[in-house]
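# Structural description and commentary
If you want the building blocks of each chain, they are given just below.
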Amino acid sequence: MKIGFVVSFFDFRNDVRRVMAEVAKQHEVIIFGRPENRDEILRHLPEGLEFRVINERKSSFWNNVWMKLFVLFKRIPKSRHNFFLMELFKASHATDPAVRKKNYEIIEWVQRLPKFISYDTYLKGLDYQKGSDLSEIDQFVCFTAIADDFLLARLLHEKYPVKVYVYSWDHACKHICFSERAHYICWNERIKEDIVHLQHIPAAHVKVVGASQFGYIHEYQQRHAQLPRTYPFRYVYFGCAIGIDDLVKEEVSVAISVAQVLATTRPELTLVVRPYPVQGNWEVYQSLHNLPNVIMDDGFRTVDLSVKDGHILEKFEKIAHAEAFFHLGTTMGLEACFTDTPSFILDYGYKNKDGLSLYSFIHQYQNDRHLIDLAPQNAVRSESHLTEILKQLNNPTYRLLNKQVQAQYQLKSFEQFSEDLLTP
């Protein structure tokens, strides 16, 4: 078969490239990407795979009006808080203050206006070019967030077989790119429930296959005995999660707080801090470099957002040998649960609970539903609570979350995941 993969964030998603390389062992694989992403895709394109440019977007009076109407009146997931947090996050990235101010004003309008244009209605209303070469493709697999609405509109209208892999545990609660005409693949039964409940997708259109990202955990479990230990001393691990400049400062303040409590309560332990890979400016972590009981785990950065496979396995080795893992809301907090290391979400350090705040980031839908609600004892509420936890890290109650998470997800090799991804 010829399989068409429609991709975004191709440089950052090592696991996606691994999956495509596995699929290419049995099928012909064609990668579809937007013109502006051409160079980054070609730089990381696995050997033997073909790349085709998406050419569906049409500039017309109708499309311009229709897209603006959709921005204002689009239906959003039931997890309203998470959706608007994502919108604020995207708006905050505008470098021009005037553009950023306008973006925030649009979000304020969107929050007030009625929501009656569904994503399916929007796709049906788009006028696309038919400029992409779709010849001989037997099946399309798209990854959320959808790389190009115009292409998906064409694929669905022309009745191509389309699967959409819900790439992350938080995509069902923060994106709007869910069509009732497509079929969806997700991580586990609880995330399937999220897709059905939050996005109104029929349950019959959603299939549980697993998480491509967890292919590295499966790989680590097979190879951990051969991997050398990175740090010969005792430590706790802090995984940074925030890519919003203003909030990163608050995350760093919380990390400093952990280092200070650690120095007083457990001085024999070092705090190892892993910067957020997608954070563009690592200078924001400079204040952590100056603390005597902190080591920055920052040797994995490359020329772009890609991370070497060896560094990913090394990440799990570092988590597995830590006394505890701390975070403010990251997939690493879930991944840590596949080791014997207790995973804690830090739920303090914020000054307000509104808008683009640290509180909102910590209490995203997926963090509350898939971590905090499962194990409230692993949510650190204050520095004094942190002190109490650090004094008894061996308490079995802090590892109950690990058992619950491990029971909910099936780890698969990249080979097995790739096979199941294409199974009807």
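Because the structure is a prediction, the values reported are computed rather than measured.

### A short note on the packing of aromatic side chains
Inspection of every chain in the model, using the stated rule, returns 28 aromatic pairs. Taken together, a centroid distance of 6.4 Å and an interplanar angle of 70° make the contact between tryptophan 187 and tyrosine 409 edge-to-face. On the criterion of sequence distance, the pair formed by tryptophan 187 in the loop between β6 (183-186) and α9 (189-199) and tyrosine 409 in the loop between α18 (400-408) and α19 (414-422) is long-range, its members being 222 residues apart. Residue class for tryptophan 187 comes out buried when judged on its relative accessible area of 2%. Tyrosine 409 gets classed as buried once you look at its relative accessible area, which sits at 7%. Pairing tyrosine 231 with phenylalanine 233 gives two aromatic rings, centres 5.4 Å apart and planes at 35°, and the pair type is tilted. Owing to a relative accessible area of 10%, tyrosine 231 belongs among the buried residues under this scheme. Overall, the relative accessible area of 26% leaves phenylalanine 233 in the partly exposed class.

### Some details on the pairing of β6
Side-chain direction in a regular strand flips from residue to residue, so the side chains alternate between the two faces of the sheet. As paired elements, strand β5 (residues 162-165) and β6 share 3 bridges and run parallel to each other. In the strand pairing of β6, lysine 163 is matched with histidine 183. Relative to strand β7 (residues 206-208), β6 runs parallel, the two being bridged by 3 bridges. Paired with cysteine 186 across the two strands is valine 208, which belongs to β7. Note on the crossover from β6 through α9 to β7: the handedness is right-handed.

Calculation rules
Residues numbered from 1 in each chain as written. Predicted model: local features only at pLDDT ≥ 70, side-chain atom pairs only at ≥ 80, totals over all residues. Heavy atoms only, no water. Phe/Tyr/Trp six-rings, centres within 6.5 Å; stacked < 30°, edge-to-face > 60°. Helix = DSSP H or I, 4+ residues; strand = E, 2+ residues; numbered from the N terminus. Buried < 20%, exposed > 50% of the residue type's maximum accessible area, 1.4 Å probe, protein only. Pairing = 2+ DSSP bridges. Right-handed = clockwise from strand over helix to strand, strands pointing away.

From the geometry alone we can't say anything about function, so treat these as descriptive.
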